[in-house]
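An overview of the molecular structure
Spelled out, the chains give:
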Amino acid sequence: MRARVLVRPKAGILDPQGITIERALPALGFEGVENVHVGRVIELDVPDEGELRDMCEKLLANPLIEDYEIQPLS
Amino acid sequence: MKLGVVQFPGSCDEVDALKACERVGDAVLLWHGEHDLKGVDAVVVPGGFSYGDYLRVGAIARFSPVMQEVAAFARDGGPVLGICNGFQVLCEAGLLPGALLPNQSLRFVCRQVGIEVVDAETSFTRACARGEELSIPVKHTTGRYYSPDPVRVVFRYTQGVNPNGSPEDIAGVANEAGNVVGLMPHPEHAVDLLHGSEDGLKLFASVAELAGV
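Residues numbered from 1 in each chain as written. Chains lettered and ligands numbered in written order. Predicted model: local features only at pLDDT ≥ 70, side-chain atom pairs only at ≥ 80, totals over all residues.

**Things to note about the overall build of chain A**
Within chain A, the secondary structure is distributed over 2 helices and 3 strands. In sequence order, the secondary structure elements of chain A are arranged as β-α-β-α-β. The C-alpha radius of gyration of chain A comes to 15 Å, more than 25% above the 11 Å expected for a compact globule of 74 residues. With the C-alpha coordinates aligned to their principal axes, the bounding extent of chain A is approximately 45 × 25 × 15 Å. Counted over contacts in chain A with a minimum sequence separation of 6, partners at least 24 positions apart contribute 68%. (Helix = DSSP H or I, 4+ residues; strand = E, 2+ residues; numbered from the N terminus. Rg over C-alpha atoms; globule rule 2.2 N^0.38 Å. Contact = placed C-beta atoms within 7 Å.)

And the structure:
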């Protein structure tokens, strides 16, 4: 099975990457953009999709500071 | 007193840490791929970029064979000091609470800072006085400490010098028992007057004092 894991900073944790992007957009004429957050995307083929959650908890994300979302791709 | 300094692929401060440890006792390197702590009385997890820090700082190093032994050693009350990347590794390993986030400035910061010892009861601050200020360098990009729960704070940046935006100027923390300590500043780079400061020596002297040497 192919899957995509989205990892984001938890709500409420200062995200300076997001803030930097938010501040840059008006300079290009894109006004009114708010709540920009930057995370990462991990795509992987897994033999057992039941293991994905465990992988996220133990390695792919740090649940203390990051939320993750698993999306099946096939 | 025998101190062990862990060496991961990507460590870069292990030699300085070893030299600092040699000021207070015997010191050996502990290779990441081995389960052998060589009978040491204390462990230092040094700075650098363990396993490249490719996924997230410290995330891969925690699974190394040597870290499994360090975790058992720490849970038995053995003194363990994590410096910079070592601090990040100890947090990822769950030996210390919290995590380290990118600096608020998103920039690498390298400079001498003042830190205040706010807890002089831990294995690595016994030779310090509470409230004492130490002059020690920082050099990191991911040093903004974060914990959702209250923690045992050991070091705070002195007023106005916080290099990473950590809440309450937290520079270093300990586990509840005080035998595991982690900090972002580098005491091993401040152990000789040629470094501009030898204040960092006090952390190593503290653990030697603990062992009665």
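**Comments concerning the interface of chain B and chain A**
Many authors give the size of an interface as the accessible area that is lost as the parts come together. Opposite the 9 residues of chain B that make contact, chain A presents 9 residues. Within the side of chain B that touches chain A, the residues separate by chemical class into 6 nonpolar, 1 polar and 2 charged. (Nonpolar A, V, L, I, M, F, W, Y, C, P; charged D, E, K, R; others polar.)

**Some details on the pairing of strand β10 (residues 170–174) of chain B**
Residue and element names in this part refer to chain B. Across the 5 residues that make up β10, a large majority, 5, are buried. Inspection of the sheet shows strand β9 (residues 152–157) paired to β10 by 4 bridges, in the antiparallel sense. Residue phenylalanine 155 lies in a different strand from β10, and its bridge partner there is glycine 172. Pairing between β10 and strand β11 (residues 180–183): 3 bridges, direction antiparallel. (Buried ≥ 20, exposed ≤ 12 C-beta atoms within 10 Å, placed from the backbone. Pairing = 2+ DSSP bridges.)

**Things to note about helix α4 (residues 201–210) of chain B**
Residue and element names in this part refer to chain B. With 7 of its 10 residues buried, α4 lies for the most part within the structure. Turning to α4, its buried residues are Leu201, Lys202, Leu203, Phe204, Ser206, Val207 and Ala208. Buried residues in α4 make contact with α1 (14–22), β3 (42–45), β4 (80–83) and β7 (133–140).

**Focus: the nonpolar core**
Formed by 65 residues in total, the largest nonpolar core has its most connected members in Cys21, Val43, Val44, Val70, Val80 and Leu90 of chain B. If we skip the residues at most four places from it in the chain, cysteine 21 of chain B touches Leu3, Val5, Ala27, Val44 and Phe204 of chain B. Counting residues in hydrophobic clusters, the runner-up holds 5 residues, among them Val5, Cys56, Ala61 and Tyr68 of chain A. (Core = buried A, V, L, I, M, F, W, Y, C linked by C-beta atoms within 7 Å.)

**Let's talk about the environment of valine 43 of chain B**
Residue and element names in this part refer to chain B. With respect to the secondary-structure elements, valine 43 resides in strand β3. Linking valine 43 and aspartate 192, residues 149 residues apart in sequence, is a C-alpha distance of 21 Å. In this view, valine 43 contacts Gly4, Val6, Leu37, Val70, Phe73, Gly78 and Val80; residues no more than four positions away in its chain are not counted.

**Let's talk about the sheet that holds strand β2 (residues 40–45) of chain A**
Residue and element names in this part refer to chain A. In space, the 3 strands of this open sheet follow the order β2-β1-β3, with antiparallel pairing throughout. Looking at which strands have only one partner, the edges of the open sheet turn out to be β2 and β3 (66–72). Sheet twist, expressed as the mean angle between neighbouring strand axes with direction ignored, is 20°. Two strands pair when backbone bridges link them, and strand β1 (residues 2–9) and β3 are joined in this way by 7 bridges, in the antiparallel orientation. Its bridge partner lying in β3, alanine 3 is registered against proline 72. (Axes fitted to C-alpha atoms, helices over the stretch in contact; angles between N-to-C directions.)

**Considerations on the confidence of the model for chain B**
The predicted model of chain B has a mean per-residue pLDDT of 96, with 99% of residues at 70 or higher. Taken over the whole predicted complex, pTM reads 0.94, whereas the ipTM for its chain interfaces reads 0.86. (pLDDT = per-residue confidence, 0-100.)

**Overview of the environment of histidine 189 of chain B**
All names here are of chain B. Here histidine 189 shows up in the loop between β11 and α4. Through-space distance from the C-alpha of histidine 189 to that of aspartate 16 is 6.7 Å; in sequence the pair is 173 residues apart. If near-sequence neighbours (up to four positions away) are discounted, histidine 189 is found in contact with Asp16, Pro137, His195 and Gly200.

**Topic: unusual backbone geometry**
Residue and element names in this part refer to chain B. Even without a glycine there, the phi angle at aspartate 53 is positive, about 55°. Its 20 C-beta neighbours within 10 Å are what place aspartate 53 among the buried residues. A positive phi angle, close to 55°, is found at aspartate 169, a residue other than glycine. By the secondary structure assignment, aspartate 169 is in the loop between β9 and β10.

**What to know about helix α3 (residues 85–92) of chain B**
Note: α-helices contain 3.6 residues per turn, so residues at a spacing of three or four share the same orientation. All names here are of chain B. For α3, a buried count of 8 out of 8 residues is recorded, marking the element as mostly surrounded by other parts of the structure. Where α3 is buried, its residues contact β3, β4, β5 (99–101) and β11. Glycine 94 occupies a position one or two residues after α3 and carries a positive phi of about 80°.

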